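Coordinate inspection notes
Spelled out, the chains give:
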Amino acid sequence: MFLWRIMKDDRGGQILLVLLAAAIVLVPILNGLPSDSALHLPTYTVTLIGKYLTLALLAVAVDLVWGYLGILTLGHGAFFALGGYAMGMYLMRQIGDRGVYGNPELPDFMVFLNWQELPWFWQGFDQFWFAAIMVMLAPGILAFVFGALAFRSRVSGVYLSIITQALTFALMLAFYRNEMGFGGNNGLTDFKDLLGFNLQSDSTRIGLFIASALALAFSYLLCRYLMQSRLGRVCVAVRDAESRARFMGYRVENVKLWVFTISAMIAGVAGALYVPQVGIINPNEFSPLNSIEVVVWVAVGGRATLYGAVVGALVINYAKSYFTAELPDIWLFALGGLFVLVTLLLPRGITGLLRPKEAV
Amino acid sequence: MSLQSTMAEVLDRDHVFSFMAPQSAANLNVDKSVLLYLEGISVSFDGFKAINDLNLYINDGELRCIIGPNGAGKTTMMDIITGKTRPDSGAAWFGQTINLLEMDEPAIAQAGIGRKFQKPTVFEFLTVFENLELAMAGDRAVLQILGARISGEQRDRLDEVLELIGLKQLPQMRAGSLSHGQKQWLEIGMLLMQQPRLLLVDEPVAGMTHQEMDRTAELLTSLAGMHSVVVVEHDMDFVRSLAGKDRTVTVLHQGSVLAEGRMEQVQNNRKVVEVYLGE
């Protein structure tokens, strides 16, 4: 069977998919229990886990290009944020005349800026299908153009990392500007409903959680399919000895370009699922720091395993939530200490502890 | 071009415009039984002439040894042939029809030139089997390699090469865990899988034992005929055993050909002796 073929050598991935399936079944049940029950799962927690899952999806996208292809991207947050903005624009249009100014056509911030009509790039975002396509297309096109320029001219290593960093920084500055038409530094917020479902209701939040879990599972399978094919082995070959692969006749730049673009589209989907769960998207999501943090999740979880990225994202984000609540003064140090310890003691990440030692 | 002929061309239904014609259509043509032409090639790095008016012809099916002191330009020459370095002047043709100077590394590799590096370069994270699989001749487009499967025929070929390079017992071993000599062999095996018409082999016996050297010499000699093989080597004993009595040896010095001929001729050449032993 197809699924079995791509998953049979991936014990960690099998466990991950089983856990995701279990979560999809159990979370709605636990959430439905009466609130005085010990096993009751508050909706707040459901949304929190859903948010973690979208971040895990972003980590998987980064692992695809960094772990397997060796491109240390420090700008994947840009693709995540673009996907988020595409979703945010749809949600803005769904508000209709329920905004503060009651304008049925224009979002509040445009009324506030005295704009008379909807800019051309906002057209079509009242349709969910259009927004759904843009969620993948916008990051995909950006990644394709960026990749075509960077990989053709054989920019690699630290230089490429710096350019990706510059990309997300430039986008952040651009999105901060009011005249860009994306809400300036306030971003897009005050969302009301998605596909007609009220975003504040428990059932919508459960639905978003399930959608995030499914997106993670499907993207995992897609990445796994790509990486267990010969293409995946070529990726590893490019990572370890790029010029050898080139002298063997592989068009390294094309391999990089396609995998990078696919990864950006996955990041876009992650962003689109993230935004309705946190209720806001603003230019801060483009901040270079965010992108660097994703790389740290992947490193902590374990590179080039895909499931390691998920583990890393979940562990660090949980730790972040825990420390900011319990130890607000020292959480930065705690997090920093965790990174240092993992880097020094676990070069293969947390999941490296569970895998058999590889002879390299 | 006159307007009339342009019109005739545009209106001709069967006309294939040059920009539409498939680029890779240039087939290897060795009518003159010469496989590789390097003519008047010069290249300099920061004013230093690494290659200086180099002329070299490799016949189809020939085994050619190239020797020369350090800095003679041997590796630079290979870089030029494989598209890594662009020469400042000169011409490089593969057969009669393929202009190497217009192509990049992957295109040259696919046209049929394989290269073995001085330092053994294998994909350390992949297994021996996977290394050979990636080297296997075939379509290298992204979509093609995504759905690629190993056919029965290819499987046989893989087993054959595994046997030949003495790694039949270790197909699932990570290439990074192999010994130095085994890596050298694996890389040669990868070249064989690629089935190139021309093999460029840079110092194949560096770090090998005498026994392994003999086997390598045997293998390279057996390849000649089907493929052309160019071996760059420092080790004189190895070159002697490879060149035998009737193969051509080329001596490079300061980026151009100093002497060319059979081993004993070259060895007795006064200029060669000077370069190698000093004045």
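So, a few notes on the structure that sits alongside this text. Note that the structure is predicted; figures quoted are calculated from it, not measured.

A separate point is the overall build of chain A. What chain A contains, in helices and strands, is 14 helices and four strands. For 360 residues, the compact-globule estimate of 2.2 N^0.38 gives 21 Å, and the C-alpha radius of gyration of chain A, at 21 Å, lies within 12% of that figure. Dimensions along the principal axes, computed over C-alpha positions, put chain A at roughly 65 × 55 × 50 Å. Scored against the burial criterion, the 360 residues of chain A give a buried share of 45%. In chain A, 77% of the contacts between residues at least 6 apart in sequence involve partners at least 24 apart.

Once that is clear, we can look at the packing of helix 3 (residues 43–68) of chain A against helix 13 (residues 307–326) of chain A. Residues and elements named next belong to chain A. Where helix 3 meets helix 13, the closest approach of the two axes is 8 Å, and the angle between their N-to-C directions is 135°. The angle between helix 3 and helix 13 places the two elements in the oblique class. Of the two possible hands of crossing, helix 3 and helix 13 adopt the one that is right-handed. Between helix 3 and helix 13, the contacting residues are Leu48, Tyr52, Leu55, Ala56, Ala59, Val60, Val62 and Asp63 on the first element and Ala309, Val310, Gly312, Ala313, Leu314, Asn317, Tyr318 and Ser321 on the second. When grouped by side-chain class, the residues that make up the contact of helix 3 with helix 13 number 12 nonpolar, three polar and one charged.

The α-helix advances 3.6 residues per turn, and as a result positions three or four apart in sequence lie on the same side. A large share of helix 9 (residues 230–240) of chain A lies buried, amounting to nine of its 11 residues. For helix 9 of chain A, the complete set of buried residues consists of A:Arg230, A:Leu231, A:Gly232, A:Arg233, A:Val234, A:Cys235, A:Val236, A:Ala237 and A:Val238. Buried-residue contacts for helix 9 of chain A involve helix 3, helix 8 (202–228), helix 10 (242–247) and helix 11 (252–278) of chain A together with helix 4 (128–135) and helix 5 (142–146) of chain B.

The next subject is the interface of chain B and chain A. Residue-level contacts link 23 residues of chain B with 22 residues of chain A. When contributions to the side of chain B that touches chain A are tallied by element, the ones reaching two or more residues are helix 3 (105–111), helix 4 and helix 5 of chain B. The element that contributes the greatest number of residues to the side of chain B that touches chain A is helix 3 of chain B, accounting for four residues. Split into classes, the residues belonging to the side of chain B that touches chain A amount to 11 nonpolar, six polar and six charged.

Next up on the list: the sheet that holds strand 10 (residues 256–262) of chain B. All names here are of chain B. Within the open sheet, the six strands sit side by side as 6-7-8-3-9-10. Their pairing is mixed. Looking along the sheet, the strands with just one partner apiece sit at the ends: strand 6 (113–116) and strand 10. Recorded for the sheet is a direction-independent mean angle of 20° between the axes of neighbouring strands. Note that strand 9 (residues 248–253) and strand 10 share six bridges and pair antiparallel. Bridge pairing in strand 10 places valine 249 opposite glycine 261. Lying on the sheet, helix 2 (residues 74–81) is in contact with strand 3 (63–67), strand 6, strand 7 (198–202), strand 8 (228–232) and strand 9; it crosses strand 7 at an angle near 150°. Here helix 8 (residues 210–223) sits on the sheet and contacts strand 3, strand 7 and strand 8; the angle it forms with strand 8, its principal contact strand, is near 145°.

Below, the discussion takes up the environment of A:Ala23. All names here are of chain A. Within the element layout of this structure, alanine 23 appears in helix 2 (residues 11–32). In this structure alanine 23 comes out as buried when scored by C-beta crowding, with 21 C-beta atoms within 10 Å. In this structure the C-alpha to C-alpha distance between alanine 23 and leucine 167, which are 144 residues apart in sequence, comes to 36 Å.

What counts and how
Residues numbered from 1 in each chain as written. Chains lettered and ligands numbered in written order. Predicted model: local features only at pLDDT ≥ 70, side-chain atom pairs only at ≥ 80, totals over all residues. Helix = DSSP H or I, 4+ residues; strand = E, 2+ residues; numbered from the N terminus. Rg over C-alpha atoms; globule rule 2.2 N^0.38 Å. Buried ≥ 20, exposed ≤ 12 C-beta atoms within 10 Å, placed from the backbone. Contact = placed C-beta atoms within 7 Å. Axes fitted to C-alpha atoms, helices over the stretch in contact; angles between N-to-C directions. Parallel < 35°, antiparallel > 145°, perpendicular 65-115°, else oblique. Left-handed = near helix turned anticlockwise from the far one by under 90°. Nonpolar A, V, L, I, M, F, W, Y, C, P; charged D, E, K, R; others polar. Pairing = 2+ DSSP bridges.

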